[in-house]
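Here's the letter readout for the chains.
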Amino acid sequence: MVSSEQRRRQLAREKYERQMERRVETQRKARRRNAVVSAAVAAVVVIAGAGAWAGGVFDSKSKDAAPQAAPTPTAAATPVKGCTEPAPGKPNGKQWKAEPAMSVDSGAKYTATLETSCGKVTMELDAAKAPHTVNSFVFLAGEQYFDHTKCHRLTTSGIYVLQCGDPTGTGSGGPGYKFADENLTGATYPAGTVAMANAGPGTNGSQFFLVYKDTQLPPNYTPFGKITGGLDVLNNIAGGGENDANGPGDGAPNANVVLNSVTAAKS
């Protein structure tokens, strides 16, 4: 016959065993849940990384093209030495249905000047190797399309460029037309390179980037010129940093970099 004390101990032991079983099951569920969460996070990281490279590190997220990533958010500018208040005015936002007719002489030399709120940048354009790109850039400059537009993206880690040419300042704007890539065979992006941003093959519009430090990129972005003056201006802008909106070292520049005016001409 089981005494009351033995019965009490048996009930206590059973209760303890049930508690331990529940605790083990709770821990098992927690490990399973954490594993699922970790896998999901890893997948997001991989997908995000793949997307950034698949569409191009320097996407121009055109409204006419499939979006590659969220536009760079705008942010309040931080004062940066050498930068001043932009000239008064707003982008004219003109739009065209088709690429402009060819008018540049591919055998001639063309130059461009970017008068920015942080200093002057001069460029030599390569009409021989990228005639359609130079033709478009010269056309847009002549239409004052770039005037008063904000340079909306700066990268300062691994890839070193300032991206400009979008009248909306978000990374999603363009002139309404697209044109084909050029000059990609063997393309490299050393400091001083001027190249087109895009949202995939054949989606060039108005957005371009200025390389201020040697950068490794796949040959997917049409190089169409080189910087002949003002590399110090770009390095000063880069020194001011960015807001990391797209990840560490990638976002809107802290400096309020605006193209007060852009001119291009046959030299």
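Residues numbered from 1 in each chain as written. Predicted model: local features only at pLDDT ≥ 70, side-chain atom pairs only at ≥ 80, totals over all residues. Heavy atoms only, no water.

1. Digging into the overall build of the protein chain
Move 1: Counting its regular elements, the protein chain contains three helices and 10 strands.
Move 2: Reading the protein chain from its N terminus to its C terminus gives the helix and strand order α-β-β-α-β-β-β-β-β-β-α-β-β.
Move 3: Burial analysis of the protein chain (267 residues in total) assigns 41% to the buried set.
Move 4: Excluding contacts between residues fewer than 6 apart, the proportion of contacts in the protein chain whose partners are at least 24 apart in sequence is 75%.
Move 5: Accessible surface, the protein chain as shown: approximately 13,700 Å² in total, 55% of it carbon and sulfur. (Helix = DSSP H or I, 4+ residues; strand = E, 2+ residues; numbered from the N terminus. Buried < 20%, exposed > 50% of the residue type's maximum accessible area, 1.4 Å probe, protein only. Contact = heavy atoms within 4.5 Å. Areas by Shrake-Rupley, 256 points an atom, 1.4 Å probe, with all protein chains shown as cover.)

2. Thoughts on the pairing of strand 5 (residues 159-164)
Move 1: Extensive coverage of strand 5 is indicated by the burial of six of its six residues.
Move 2: Burial along strand 5 is two-sided: the face carrying Ile159, Val161 and Gln163 and the face carrying Tyr160, Leu162 and Cys164 are both buried.
Move 3: Sheet topology note: the strand 4 (residues 153-157)/strand 5 ladder contains five bridges and is antiparallel. Among the inter-strand pairings, Thr155 is bridged to a residue of strand 5, identified as Val161.
Move 4: Following strand 4, the chain reverses through one residue before pairing antiparallel with strand 5; Gly158 in that reversal takes a positive phi of roughly 85°.
Move 5: In terms of strand pairing, strand 5 meets strand 7 (residues 208-211) through four bridges, oriented antiparallel. Counted as the bridge partner of Cys164 is Phe208 from strand 7. (Pairing = 2+ DSSP bridges.)

3. Brief notes about the nonpolar core
Move 1: Counting residues in each nonpolar core, the largest one holds 43 residues, and the members touching the most others are Leu114, Met123, Leu125, Phe137, Phe146, Phe208 and Phe224.
Move 2: It is helix 2 (residues 131-142) that contributes the most residues to this core, five residues altogether.
Move 3: Apart from the residues within four sequence positions on either side, Phe146 is in contact with Phe137, Leu140, Ala141, Gly165, Ser206, Phe208, Leu259 and Val262.
Move 4: Within the second largest apolar cluster, 10 residues are counted, among which are Ala187, Ala195, Ala197 and Leu217. (Core = buried A, V, L, I, M, F, W, Y, C linked by side-chain atoms within 4.5 Å.)

4. Quick notes on the side chain of Thr133
Move 1: Inspection of the secondary structure assignment puts Thr133 in helix 2.
Move 2: In this view, Thr133 contacts Phe179, Glu182, Met196, Thr222 and Phe224; residues no more than four positions away in its chain are not counted.

5. Quick notes on the sheet that holds strand 4
Move 1: Here we have 10 strands laid out as an open sheet, ordered 3-10-1-2-8-6-7-5-4-9, and antiparallel in their pairing. At either end of the open sheet lies a strand with only one pairing partner, and these are strand 3 (149-150) and strand 9 (250-251).
Move 2: Contacts between helix 2 and the sheet are confined to strand 1 (110-116), strand 2 (119-125), strand 6 (193-196), strand 7, strand 8 (223-229) and strand 10 (258-266), with strand 10 contributing the most and set at about 120° to the helix.
Move 3: Against the sheet, helix 3 (residues 231-239) contacts strand 1, strand 2, strand 4, strand 5, strand 7 and strand 8, and its axis sits at roughly 125° relative to strand 2. (Axes fitted to C-alpha atoms, helices over the stretch in contact; angles between N-to-C directions.)

6. Here we look at the pairing of strand 1
Move 1: Alternating residues of strand 1 divide into Tyr110, Ala112, Leu114 and Thr116, all buried, and Thr111, Thr113 and Glu115, none buried.
Move 2: Sheet topology places strand 1 next to strand 2; seven bridges connect them, and they run antiparallel. What sits directly across from Ala112, in strand 2, is Met123.
Move 3: Bridge analysis of strand 1 against strand 10 gives seven bridges, and the strand direction is antiparallel. When the bridges of strand 10 are listed, Thr116 appears paired with Leu259.

7. Regarding helix 2
Move 1: Between its first and last C-alpha atoms helix 2 spans 16 Å; for 12 residues at 1.5 Å apiece the expected length is 16 Å, and the two agree.
Move 2: Of all the 12 residues making up helix 2, nine are buried; the element is thus mostly covered by neighbouring parts of the structure.
Move 3: Of the positions making up helix 2, those classed as buried are Pro131, Thr133, Val134, Asn135, Ser136, Phe137, Val138, Leu140 and Ala141.
Move 4: Buried positions along helix 2 lie against strand 1, strand 2, strand 6, strand 7, strand 8 and strand 10.
Move 5: One or two residues past the end of helix 2 sits Gln144, with phi positive at roughly 55°. (Expected span 1.5 Å × (residues − 1).)

8. Concerning the state of the cysteines
Joining two cysteines, a disulfide is a covalent bond between their sulfur atoms.
Move 1: Under the defined criterion, the tally for this structure stands at two disulfides.
Move 2: With a sulfur-sulfur separation of 2.0 Å, Cys83 is cross-linked through a disulfide to Cys118. Sign of the S-S torsion, about 110° for the bond between Cys83 and Cys118, identifies this disulfide as right-handed. Of the two residues, Cys83 sits in the loop between helix 1 (4-54) and strand 1 while Cys118 sits in the loop between strand 1 and strand 2, which places them 35 residues apart along the sequence. (Disulfide = S-S within 2.5 Å.)

9. Things to note about the environment of Val104
Move 1: Position of Val104 relative to the elements: it lies in the loop between helix 1 and strand 1.
Move 2: Considered as a pair, Val104 and His132 are 28 residues apart in the sequence and their alpha carbons are 8.5 Å apart.
Move 3: Val104 has contacts with Tyr110, Pro131, Val134, Asn135 and Val138, leaving out every residue within four places of it along the chain.

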